[in-house]
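In case you want the letters, here they are:
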Amino acid sequence: MTVSYEDPPDGASAATPERTPKKAALASFMGSAVEYYDFFVFGFVAALVFPKIFFPAGNETAALASSFATLGVAYIARPVGALVIGHFGDRIGRRNVLMLTLLLMGASTFAIGCLPTYASVGVLAPILLVGCRLLQGFSAAGEQAGASSLTLEHSPDNQRAFFTSWTLTGTQGGLILASLVVIPIVALPDEDLYSWGWRVPFWLSAVVVVVAYFIRRRLGETPEFEEAKLAGTVARVPLMPLMRDHWRDVLRVIFCAFIAAVSTVFANLAIAYGKKMGLHADETLWLVVVANIVALGTQPMFGKLADRIGRKPVFIYGALSSAALMPLYLLSMTSHNDVLMFALAVATFSFGYAAANAVWPSFYGEMFSTRVRFSGLAIGTQLGFLVAGFAPAIVTALGGVQQGGWVVISIFTAAVCVIATVSALTARETKGVPTALLGRRTPDDSRQLVDH
């Protein structure tokens, strides 16, 4: 007989927490879609609009670099958010904290759409923009870590990679939605775009926040966390056991998380580079949209593959293929051959980077025990994501959006991918380890981890 994980198994005690992996995956998908709709709208508008309305006119490259720097400041707030949100996620539960991150992201994004421009209030405009961006970063710090922890702990042992892959697939959904909203906006006449048009995508975030809120509020707390509460093993200060027992894993996650820079290069920096190569903004945005639509299908497939052959080989394949394909994708932008550009965009993102992107929620999350999983995931990823956040600003300053800039972008991408690969090679393979035994550090548990 096949047991459904959406219903309690026959004979289960009424006190046994219910595993609902499908509900958890849907809630994580929608929450991530909302959070990263907001995040990616900011990234697109930072590449295409903010340099002209939030910074002094005169030096186009300096304005673009400054705009990309505002994109990066969120990643400064993210480690702080990881400490705070991670603490409460491990202390009071995953679900309630995820409701908070959802509402905070929605409020800060809506506020951006209401900000005055540089022409109206001068230097106060970018200061206010940075303030809202910091709130976005604080919120996003807990979203993926919390959603990944929640889904992993709701999932059956043999399908953790598949179900947790939907957290990051939600991220792609948010990017697609953001792109589809921004594309008609950037097609507006300049007078409309730079006055009211750019504000619309930020205001629309209120709609998707409400939808995700009602989906997420129906989901229960994870069985693993509820059992930890009943057993009295919830950590009072999760940071202490995390740093005592898992500091190597935190470092491992930090360096593996450098791989996220591939996404910011692909979705933000490449747009600016393509525009410099003479492509229209809506054409470069469509490259991103199509690649992410295909990734909606490939990422769950990579999750299934990781449940069969392991997390490490799939993650490492994603990192190395991203490094190899990125220069080809960038060079295709100089060809002005639409078929070639779209084919390489899909190859680079949907069949390359998507492998690592789909697997990291399970790969990283399984390094930690239940009592510190939220904190470990949040702190490790957000410190690693600093590289991703400042990648556009750094590479732009090095000439990455000038003629021949594909070389600089490709070298940077290859460097972060190699670092992520080396770090992944040092990790244990946790594919066959029961959820209850993940992250254990006793001698018996260590042997069991090796045996699996």
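Scroll up a little and you will see the structure.
First, a word on what this report is: a plain description of the structure on this page.

Rules used throughout
Residues numbered from 1 in each chain as written. Predicted model: local features only at pLDDT ≥ 70, side-chain atom pairs only at ≥ 80, totals over all residues. Heavy atoms only, no water. Helix = DSSP H or I, 4+ residues; strand = E, 2+ residues; numbered from the N terminus. Phe/Tyr/Trp six-rings, centres within 6.5 Å; stacked < 30°, edge-to-face > 60°. Buried < 20%, exposed > 50% of the residue type's maximum accessible area, 1.4 Å probe, protein only. Polar contact = N/O pair within 3.5 Å; in protein donor to acceptor, adjacent residues only side chain to side chain. Contact = heavy atoms within 4.5 Å. Salt bridge = Lys/Arg side-chain N within 4 Å of Asp/Glu carboxyl O.

A word on the environment of S120. The residue S120 is located in helix α5 (residues 118-121) in this model. Note: C-alpha distance between S120 and M341 (221 residues apart in sequence) is 40 Å.

Attention now goes to the packing of aromatic side chains. Throughout the structure, instances matching the rule amount to 20 aromatic pairs. Arranged with centres 5.2 Å apart and planes meeting at 65 degrees, the rings of F162 and F163 form a pair that is edge-to-face. Given a relative accessible area of 15%, F162 falls into the buried group. On the accessibility criterion, F163 (8% relative accessible area) is buried. A centroid spacing of 5.1 Å and a plane angle of 25 degrees characterise the contact between W360 and Y364, whose relative ring orientation is stacked. One end of the pair, W360, and the other, Y364, are both in helix α17 (residues 338-365), four residues apart, so they sit about a helical turn from each other.

A few words now on the side chain of T151. Of note, T151 is situated in helix α6 (residues 124-154). For T151, a relative accessible area of 0% gives the class buried. Separated by 2.9 Å, the side chain of T151 and the backbone oxygen of A147 make a polar contact. Setting aside anything within four residues of it in sequence, one finds T151 in contact with A24, A25, S28, F163, T164 and T167.

Below, the discussion takes up the pattern of salt bridges. Applying the stated criterion across every chain, the model contains eleven salt bridges. Note that R94 is salt-bridged to D90, the shortest N-O span being 2.9 Å. The pair formed by R94 and D90 is uniform in burial state, with each residue classed as buried. R216 serves as the salt-bridge partner of E143, at 2.8 Å between the closest nitrogen and oxygen. Here the residue E143 occupies a position in helix α6, and R216 occupies one in helix α10 (residues 205-216), the gap between them amounting to 73 residues.

Remember that the coordinates give geometry; whether it matters functionally is a separate question.
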